[in-house]
Amino acid sequence: MTVIFPIETQNQRSIIACGIAFSLLPATVVFLRVLARRKANRPLDSSDYLIIIAGVLAVAYQAVVISSVLTAGVGFHVADIERRFGLESGDSIFMKHLVAMQVFWGVTLALCRISIIHLFTKIFVVQSFVMIARATYVLIILWALAAVFSAFLICQPFEYTWNKSIEGGTCGNFMLSWIATGILNMVSDLIILIMPMPYLMGLELALPKRLILTATFGIGIFTCVVSIIRLVMISEVDFDDITYTIPHTVLFSALEPCVAITLACVIILRPLFGGQYSSDGTATYEGQPTETIPRTSNRHFKQLNDDSSETRLRPEEVGYRATIAKSPNPFKGLGNTGDAGLEMGSISIQHEWTVEEELRPTSSSVPKDKN
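Residues numbered from 1 in each chain as written. Predicted model: local features only at pLDDT ≥ 70, side-chain atom pairs only at ≥ 80, totals over all residues. Heavy atoms only, no water.

Asks: Where do I start with the packing of helix 1 (residues 10-39) against helix 2 (residues 46-70) in this structure?
Replies: Packed helix pairs are specified by the crossing angle of their axes together with the interaxial distance, meaning the distance between the axes. Contact geometry for helix 1 and helix 2: axes closest at 9 Å, N-to-C directions at 165°. As the angle between them shows, helix 1 and helix 2 are arranged roughly antiparallel. Classified by chirality, the crossing of helix 2 by helix 1 is left-handed. Across the interface between the two elements, Gln12, Ile15, Ile16, Gly19, Ile20, Phe22, Ser23, Val30, Arg33, Val34 and Arg37 of helix 1 pack against Ser47, Asp48, Ile51, Ile52, Val59, Gln62, Val65, Ile66, Val69 and Leu70 of helix 2. Split into classes, the residues belonging to the contact of helix 1 with helix 2 amount to 13 nonpolar, five polar and three charged. (Axes fitted to C-alpha atoms, helices over the stretch in contact; angles between N-to-C directions. Helix = DSSP H or I, 4+ residues; strand = E, 2+ residues; numbered from the N terminus. Parallel < 35°, antiparallel > 145°, perpendicular 65-115°, else oblique. Left-handed = near helix turned anticlockwise from the far one by under 90°. Contact = heavy atoms within 4.5 Å. Nonpolar A, V, L, I, M, F, W, Y, C, P; charged D, E, K, R; others polar.)

If you want it as structure tokens, here you go:
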């Protein structure tokens with residue numbers, strides 16, 4: 001018989017209200033992301049499909065969270081559940097919900113992070129970044145597998161997770177398992193946050209633009225903050241009265257995928273705020289390039305110590321002349337930044353050298369001494 005628990009505590013009301021909000025927010029930003037792709041004439045790619053799946057799982061996760069309040073007694077003491085509502089085991093229904101919540105939590109976050117890294121690899125096409133991204137893929141997949149399998153393997157047999165009447169059943173340390181996966185979860189967030197920063201700060205852009213870009217990619221810090229708070233909440237759970245002491249952990253665990261999906265979508269919503277895009281998804285701008293700024297340099301060619309060529313370069317005193325012009329075209333120096341909706345003026349550099357070709361003298365062309 002299914003028992004519907006009354007909503008009597010502030011924790012219960014908070015979880016239900018936040019569950020509804022945490023369902024609407026990721027669904028909304030994922031819809032806006034797809035709309036931004038269409039407005040920019042860009043097809044959906046793997047990162048979009050991954051975030052769409054993550055959004056669906058996030059909504060399902062919130063449904064399980066709300067169900068844990070209505071049908072599993074979250075917010076009540078275990079003893080009250082047994083005494084007031086006549087259940088033999090006050091925490092048995094919640095432990096079933098807990099398995100589902102842990103699976104949804106791990107898979108949703110993993111898909112969201114893989115989507116973000118996939119997007120980054122299309123923006124930062126530097127070889128070193130790609131290698132770091134591949135290593136991070138492996139870390140995230142291993143973390144997700146650990147989070148999911150620990151939910152099914154921590155108690156043997158599996159049914160013992162919620163049915164403690166089974167003879168010979170054993171369970172591992174739930175607290176240790178949650179803290180370990182939580183720490184690896186936070187490390188993954190930090191890696192994704194830090195990955196693009198050296199490349200962003202190294203761009204040859206005005207400082208304000210570099211700071212804006214860094215802030216845009218740095219909004220992932222909020223996910224790290226939620227991860228830290230969640231770890232603190234986990235340490236306060238009392239497994240002897242889990243339904244009463246776990247609401248804050250449930251709340252921040254539900255918040256984390258919501259924040260991650262929202263921030264993953266925000267960085268590419270630029271087309272929704274204006275701009276014109278060609279049929280191939282390239283942003284178009286009106287106006288002419290700014291006036292060029294000449295700059296001279298003292299660098300010279302070095303003489304080649306190579307006698308095998310018939311043509312040699314000879315160093316000249318004039319050096320070379322570099323012309324720098326600011327272009328209104330979208331910046332493409334790090335890859336397909338159009339996918340991230342980051343349009344900015346680019347810097348084009350034109351080098352001009354004066355090179356004179358002179359044939360190497362041969363023995364036949366050297367005048368002979370008549371004496």
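Now that the structure is up, let's keep going.
Asks: Even after reading the chapter, I still don't get the pattern of salt bridges, so can you show me in this structure?
Replies: Opposite charge on two side chains permits pairing when their charged atoms draw close. Scanning all chains against the criterion turns up eight salt bridges. Arg33 is the partner of Asp48 in a salt bridge, and the nearest nitrogen-oxygen pair spans 2.6 Å. You can see Asp48 sitting in helix 2 and its partner Arg33 sitting in helix 1, a full 15 residues away along the chain. For Asp48, a relative accessible area of 1% corresponds to the buried category. In this structure, Asp189 and Arg113 form a salt bridge, with 2.8 Å as the shortest nitrogen-oxygen distance. Taken together, the residues span a long stretch of sequence, with Asp189 in helix 6 (residues 174-194) and Arg113 in helix 4 (residues 92-123) at a distance of 76 residues. In this structure, Asp189 and Arg113 share a single accessibility class: buried. A single network of salt bridges, built from pairs that share partners, joins Arg33, Arg37, Asp45, Asp48 and Lys122. (Salt bridge = Lys/Arg side-chain N within 4 Å of Asp/Glu carboxyl O. Buried < 20%, exposed > 50% of the residue type's maximum accessible area, 1.4 Å probe, protein only.)

Asks: Looking at this structure, how should I read the packing of helix 4 against helix 11 (residues 247-266)?
Replies: Interhelical geometry of helix 4 versus helix 11 gives an angle of 20° and a closest axis separation of 10 Å. It follows that helix 4 is roughly parallel to helix 11 by the angle criterion. For the pair helix 4 and helix 11, the sense of crossing is left-handed. From helix 4, Met101, Trp105, Thr108, Leu109, Cys112, Arg113 and Ile116 reach across to helix 11, where they touch Val250, Ser253, Glu256, Pro257, Ala260, Ile261 and Ala264. Of the residues belonging to the contact of helix 4 with helix 11, the class tally is 10 nonpolar, two polar and two charged.

Asks: Can you help me understand the state of the cysteines in this one?
Replies: A disulfide bridge is the covalent bond that connects two cysteines by way of their sulfur atoms. Applying the stated criterion across every chain, the model contains one disulfide. Linked covalently through their sulfurs, Cys155 and Cys171 form a disulfide whose S-S length is 1.8 Å. When the S-S torsion is 105°, as for the bridge of Cys155 with Cys171, the disulfide is right-handed. Taken as a pair, Cys155 in strand 1 (residues 155-156) and Cys171 in strand 2 (residues 170-171) lie far apart in primary sequence, 16 residues in all. Of all cysteine sulfurs, the one in Cys258 lies closest to Cys18, which takes part in no disulfide; the gap is 9.4 Å. For Cys258, a relative accessible area of 2% translates into the label buried. (Disulfide = S-S within 2.5 Å.)

Asks: For this particular structure, what's the right way to read the nonpolar core?
Replies: Note that soluble globular proteins tend to have their nonpolar side chains buried in a common cluster. Of all hydrophobic cores here, the largest spans 75 residues; its most connected members are Phe94 and Ile261. Per element, the largest residue contribution to this core is 15 residues, and it comes from helix 4. Not counting residues within four places of it along the chain, the set of residues in contact with Phe94 comprises Ser68, Ala72, Val74, Met101, Ile242, Thr243 and Ile246. (Core = buried A, V, L, I, M, F, W, Y, C linked by side-chain atoms within 4.5 Å.)

Asks: Before we go on, may I ask you to explain empty space enclosed by the protein in this structure?
Replies: Picture a little ball the size of a water molecule; that probe, rolled over the atoms, points out where space is still empty. Applying the stated criterion across every chain yields a total of seven cavities of 30 Å³ or more. In this structure, the largest cavity encloses a volume near 230 Å³. In terms of lining, the largest cavity is formed by 15 residues, of which the most central are Ile116, Ile192, Gly220, Thr223 and Leu263. Those elements that provide at least two residues to the lining of the largest cavity are helix 4, helix 6, helix 8 (207-217) and helix 11. (1 Å grid on protein atoms, 1.4 Å probe; cavity = no way out; pocket = protein on both sides within 12 Å on 5 of 7 lines; lining within 4 Å. Points joined across faces, edges and corners; volume = space filled by probe spheres on them.)

Geometry only, nothing functional implied.
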